[in-house]
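Examining the three-dimensional arrangement
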Amino acid sequence: MKRLFVALWVLLEAGPAFAQATAVKPPLEASAKAAPEPDAKASEFPPEVQRALDALVRADLKQGPTAGLSVGVMRGGQRWMNGYGYRDLAKKLPATVRTTYRMASITKSFTAVAVMQLAQAGKLDLDADIHTLVPEYPVKQWPVTVRQLLGHLGGVPTYDSPSAGNNTKPVTTKEAIGLFADRPLVSEPGTRYLYTTWGFNLLGAAVETASGQSYREYLRDHVFGPANMSHADVDEISTRDAQQAVGYRVSGATLKPSRFLDVTSRFAGGGTRATVEDLLGFARAVLDHKLVSRETMGRMQATMVTRDGHITDYGMGFATYPLRGHYIVAHAGGQPETTTLLVLLPAEDTAIALATNVEDEAKRLRRLSIRLMETVLDEGAPARGGHFTDPVDAVVYEGMGRLASYGLAYHDWATRGPGTLPPETDLAGAFAKVSSLFDRAAIARDGRGAMERIRGAHEPRAESLFIRVGAHMAATVEKAMGAERLRAYRTQGAAGFFADYLSACETLKCPEAERFSPSVRSDVARFVAGWRRAEVPALKRTRLEAMKDPERLWPALKEAAVRAPAVRPDYTDELLTLADRAKRKPVDRMRWLERATELHPESMDAHLARAVGLMEADREPEAIPHVREAFETPEGSLVLSPTGFLKRLLDTRSPKVARGLLRAAVTLHPDAPELWDALAKRERALGDAGAAKAALAQAKRARQVRAAQEARAPKAQPGVVAPAGSAPAQDKAGSTSPTVPVDPESAPEP
């Protein structure tokens, strides 16, 4: 299974300023002394788990630059919390679990809970037109319902210019609505997912109307109070205390103070502050159904669907998706002064909360959340995808991986969490359709089309095939082998899940129609055998970068590749992590990047990372072929669309690398005007006016080509809604293990 949950990220070299800022770390005791009294019901993790959690956070922070970070992990009645670095660099004030951070868009989850509480109480109709609750929001060309706004399906626009989100003065609820009230809807509600803070501001105004309280009063009385969020509040200057973190942004290799932003303009979509302990309190209340009923929370955690059957990976106020067989409910936040992340695993009674006072750190927090999850749920064992030299094998295994992840996650969520499964109809027919998706001859004829069908096989438009079949397989394995067996596949690979299911079918005498085709069964046996031949014993329970001397294991990895050249575990993620850690040693960094493409020449991520490394070293001509190699992989042909490239630029801090990626992108997509426009902007910013002018000319030509194509295309019939879902949503939904998206509310730098 390709390592799809990790995108291309670019880190900068850390300079002397970072070394000076972080050379003296506040001791752990400083965090303990500053922390409030813990929940009486909570207990600590075992010492060895605490040491492992602390070590992995400290190792990650060495990849700097960073100021302060607060971390909280909870599983059942166990908690671990700690602070790292400084909440104020100038005054050398340590970050602790008591440090207060801007929550940014995690606020949307608080708002959604408030809305659903009022809906439960009969004070608010989820299907009411928002205009009836917020009269100052004018009637639009289509009605917009509360339910649609909760899932970003209302068509309400998001910030349409840098100035639209850069408010510096306090505003009232009415004034906040007035900032966008006259803008038309950008799409018919229900047809397209469009993440928007303005839409959640409407929900905050609806809370005030339905409750008769201010937004702040309602949250304090009905969300923060019941959840024991003792330090949470709206983020206004008057509510801040001495523990509030000072915000920073990365500039080159140093940290600079954040620009000022007054968040009253985005009050219900990003206007609160809290501590990581507050976040764990909110998580505990959500997991225990103290804020809304179990049934209501199940509805909030279920992904919403566009009118034409596309899953959005977002429920009511929470991102929601499978990750390595875990059912994830989460929200990210990003604003000037902060980056935040809250991850809930309802079926496993687990939560992870992270907050930093450095902007644009979504990559770090995502990476940390996954490592923390591995430590507390999988005993630190890494989850690895599969490497395949045969592109047909790669597509088949991609399908197996997606089916296993969706099936295991939804089975757990429905049996141990508040979720429900799609209704079961014609199970035998569903198995037959899955076997058809995995048909090798069909994949060989049209690999891209086969991959597209596989990447959409979990969606309602495809009868939720992977969810239905995968959940049935999980239930069968659990019945024959016990619930604990289901935990193994998160680290042992999807083929092992299929093999165990087929073995369970022998025991339970499953109907022949539910055992897949002979071709699929043959592939399962071959994949399992290859995986076992290629395993490196020293790495079965640990990641490569966690070894004290990873260099000594390189020969073993090469030998494993020789033993099983066609099918083996994929170590790309770990090799790239080692490359990241060596960024201050360019020779070592490039060696690990070269090894990643040597060991996994069919890996999109390996080639993209090596391309970035070459661009950073001013070797752009050598980088372009690696971008093309990445594009030509089965995954790359879908993910590296024009929109896919533009998404990656959001996390590319280096202007030089961004320009290099765009130069490569336009060679792959010469008729994409959006890429040429972005390239022109980068060329101009880097001082090459001639190249910028040439790129703008190409953008004009590409628009003319596109206009001519659209003119020749058949006209849509009246009353027929165009296919929903923007390209970014499709890219994200197609990931085997989607990640919490970068919060789009981080306003651009002026």
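Cut-offs applied
Position labels on residues start from 1 in each chain and follow its written sequence. The predicted nature of this model means local features are confined to residues of pLDDT at least 70 and side-chain atom pairs, given and counted, to a pLDDT of 80 or more, with totals for whole chains, interfaces and linings taken over all residues. Side-chain calculation: all heavy atoms of the structure are included, whereas hydrogens and water are not. Helix and strand assignments come from DSSP, with helices taken as H or I runs of at least 4 residues and strands as E runs of at least 2, each series counted from the N terminus. Buried, partly exposed and exposed residues are distinguished by accessible area as a fraction of the type maximum, computed with a 1.4 Å probe on protein chains only: under 20%, between the cut-offs, and over 50%, respectively. Residue contacts follow a heavy-atom distance rule, with two residues in contact if any of their heavy atoms lie within 4.5 Å. Residue exposure ignores everything except the shown protein chains as possible cover, and the areas themselves are Shrake-Rupley values with a 1.4 Å probe. For every residue, the pLDDT score states the predictor's confidence, bounded by 0 at the bottom and 100 at the top. Salt bridge criterion: a side-chain nitrogen from Lys or Arg within 4 Å of a carboxyl oxygen from Asp or Glu. Take the buried Ala, Val, Leu, Ile, Met, Phe, Trp, Tyr and Cys residues and link them wherever side-chain atoms come within 4.5 Å; each set so joined is a nonpolar core. Helix span, as expected, comes to 1.5 Å for every residue beyond the first. Only when DSSP finds a minimum of two bridges between them are two strands counted as paired. Residues adjacent in sequence count toward polar contacts only when both atoms are side-chain atoms; beyond that, a polar contact is any pair of N or O atoms within 3.5 Å, and within protein one must be able to donate a hydrogen and the other to accept it. Side-chain rings of Phe, Tyr and Trp, where Trp is taken by its six-membered ring, are said to pair if the distance between their centres is within 6.5 Å; with planes under 30 degrees apart they count as stacked, over 60 as edge-to-face, and otherwise as tilted. We call a charge positioned over a ring when the NZ of a Lys or the CZ of an Arg lies within 6 Å of the ring centre and within 35 degrees of the ring normal. In this analysis, axes come from line fits to C-alpha atoms, helices being fitted only over the stretch in contact, and the angle between any two N-to-C directions falls in the range 0 to 180 degrees. Put simply, angles under 35 degrees are roughly parallel, angles over 145 are roughly antiparallel, angles from 65 to 115 are roughly perpendicular, and the rest are oblique. Three classes are used: nonpolar for Ala, Val, Leu, Ile, Met, Phe, Trp, Tyr, Cys and Pro, charged for Asp, Glu, Lys and Arg, and polar for all others, with Gly counted as polar. As used throughout, the charge tally considers Lys and Arg to be positive and Asp and Glu to be negative, leaving His and the chain termini uncounted.

Below, the discussion takes up the overall build of the chain. Helix and strand content of the chain: 32 helices and 15 strands. Residue burial in the chain is summarised as follows: out of 750 residues, 60% are buried. Of the contacts formed within the chain by residues at least 6 apart in sequence, a portion of 74% connects residues at least 24 apart. Accessible surface for the chain amounts to roughly 28,400 Å². Of this, 55% is attributable to carbon and sulfur atoms.

Looking now at the confidence of the model for the chain. Taken as a whole, the chain shows an average pLDDT of 88; of its residues, 89% reach a score of 70 or greater. Confidence drops under pLDDT 50 across residues 1-40; counting only partners more than four residues distant or on other chains, this segment forms 98 contacts. Note on residues 716-742: pLDDT under 50 across the span, and 77 contacts to partners over four residues away in sequence or across chains.

In this section: unusual backbone geometry. Despite not being glycine, Asp426 has its phi angle at roughly 50 degrees, a positive value. Using a relative accessible area of 55% as the deciding quantity, one classes Asp426 as exposed. Located in the positive-phi region is Phe516, a residue other than glycine, with phi close to 65 degrees. Looking at the element boundaries, Phe516 is found in the loop between α20 (494-508) and α21 (518-534). With a relative accessible area of 6%, Phe516 lands in the buried category.

In the structure shown here, the tally under the stated rule is 51 salt bridges. Arg324 is paired through a salt bridge with Glu374; the nearest N and O atoms lie 2.6 Å apart. Placement of the pair is Arg324 in the loop between β10 (319-323) and β11 (326-335) and Glu374 in helix α13 (residues 362-377), with a sequence separation of 50 residues. This pair shows no difference in class: Arg324 is buried, exactly as Glu374 is. Where Arg595 meets Glu551, a salt bridge forms, and the shortest distance between an N and an O atom there is 2.6 Å.

This next bit is on the nonpolar core. Ranked by internal contacts, the top residues of the largest apolar core, which has 111 residues, are Val57, Tyr137 and Phe282. For Tyr137, the residues in contact, after removing those within four places along its chain, are Ile130, His131, Val156, Ile177, Phe180, Ala181, Leu185 and Leu202. Counting residues in hydrophobic clusters, the runner-up holds 54 residues, among them Met604, Leu614, Ala664 and Ala702.

Attention now moves to helix α31 (residues 689-712). The end-to-end C-alpha separation of α31 is 35 Å, in line with the 34 Å expected for 24 residues at 1.5 Å each. The set of residues buried in α31 consists of Ala692, Ala695, Ala699 and Ala702. Of the surrounding secondary structure, the elements contacted by the buried residues of α31 are α30 (673-685).

Sheet strands pair by backbone hydrogen bonding; their relative direction is either parallel or antiparallel. What the three strands build is an open sheet, ordered β5-β9-β6; its pairing is antiparallel. Strands with a single pairing partner mark the edges of an open sheet, and in this sheet they are β5 (101-102) and β6 (233-234).

All right, on to the environment of Asp349 then. Within the element layout of this structure, Asp349 appears in the loop between β12 (338-345) and β13 (350-356). You can call Asp349 partly exposed: its relative accessible area is 26%. Dropping the residues within four chain positions of it, Asp349 is found in contact with Met74, Arg75, Gly76, Arg284 and Leu287. A polar contact of 2.3 Å, which involves the side chain of Asp349, links it to the side chain of Arg284.

Turning our eyes to something else, we now look at the environment of His387. By the secondary structure assignment, His387 is in strand β14 (residues 386-388). Classification of His387 as buried rests on a relative accessible area of 0%. His387 sits 216 residues away from Ser603 along the chain, and the two C-alpha atoms are 7.8 Å apart. Here His387 is in contact with Pro565, Ala566, Val567, Arg568, Pro569, Asp570, Leu599, His600, Pro601 and Glu602, once residues within four sequence places are set aside. Of note is the side chain of His387, whose polar atom sits 3.0 Å from the side chain of His600.

Here we come to the packing of aromatic side chains. Each pair of aromatic rings is reported with the distance of its centres and the angle of its planes. Applying the stated criterion to the full structure yields 24 aromatic pairs. Ring centres of Tyr137 and Phe180 lie 6.0 Å apart, and the angle between their planes is 50 degrees; this geometry places the pair in the tilted category. You can see Tyr137 sitting in the loop between α5 (130-133) and α6 (146-150) and its partner Phe180 sitting in the loop between α7 (173-178) and α8 (197-211), a full 43 residues away along the chain. Ring plane angle 90 degrees and centroid distance 5.3 Å describe the contact between Tyr215 and Phe267, whose orientation is recorded as edge-to-face. Remark: Phe267 occurs in helix α10 (residues 267-270) and Tyr215 occurs in helix α9 (residues 215-224); sequence separation between them is 52 residues. A single burial state applies to Tyr215 and to Phe267, both of which are buried. Members of the aromatic cluster, each reached through a chain of ring pairs, are Phe431, Phe438, Phe466, Tyr489, Phe497, Phe498, Tyr501 and Phe516. Over the face of the ring belonging to Tyr86 we find Lys92, whose NZ or CZ atom lies 5.9 Å from the ring centre.

For the rest of this paragraph, the subject is the packing of helix α4 (residues 107-120) against α9. Packed helix pairs are specified by the crossing angle of their axes together with the interaxial distance, meaning the distance between the axes. Contact geometry for α4 and α9: axes closest at 10 Å, N-to-C directions at 80 degrees. By the angle class used here, α4 and α9 are roughly perpendicular. Every residue of α9 that contacts α4 at Thr107, Phe110, Thr111, Val113, Ala114, Gln117 and Leu118 is listed here: Tyr215, Tyr218, Leu219, His222, Val223 and Phe224. Classifying every residue of the contact of α4 with α9 gives nine nonpolar, four polar and no charged.

Taken together, the four bridges between strand β7 (residues 248-251) and strand β8 (residues 254-257) define a ladder with antiparallel strand orientation. Bridge pairing in β8 places Arg249 opposite Lys256. Between the end of β7 and the start of β8, which pair antiparallel, lie two residues, with Gly252 showing a positive phi angle near 65 degrees.

Right, let's talk about the pairing of β11 for a bit. The buried fraction of β11 amounts to ten of the ten residues, a majority that puts the element mostly inside the structure. Residues of β11 alternate between two faces, with His326, Ile328, Ala330, Ala332 and Gly334 on one and Tyr327, Val329, His331, Gly333 and Gln335 on the opposite face, all of them buried. Sheet topology places β10 next to β11; five bridges connect them, and they run antiparallel. By the bridge assignment, Pro322 is partnered in β11 with Tyr327.

It is worth spelling out the side chain of Asp278 at this point. Within the fold, Asp278 resides in helix α11 (residues 276-287). This buried residue, Asp278, is left without a salt bridge; Arg273 holds the nearest opposite charge, at 6.6 Å. In terms of polar contacts, Asp278 uses its side chain to reach the backbone amide nitrogen of Ala232, at 3.2 Å. In contact with Asp278, other than residues within four places in its own chain, are Asn228, Met229, Ser230, His231 and Ala232.

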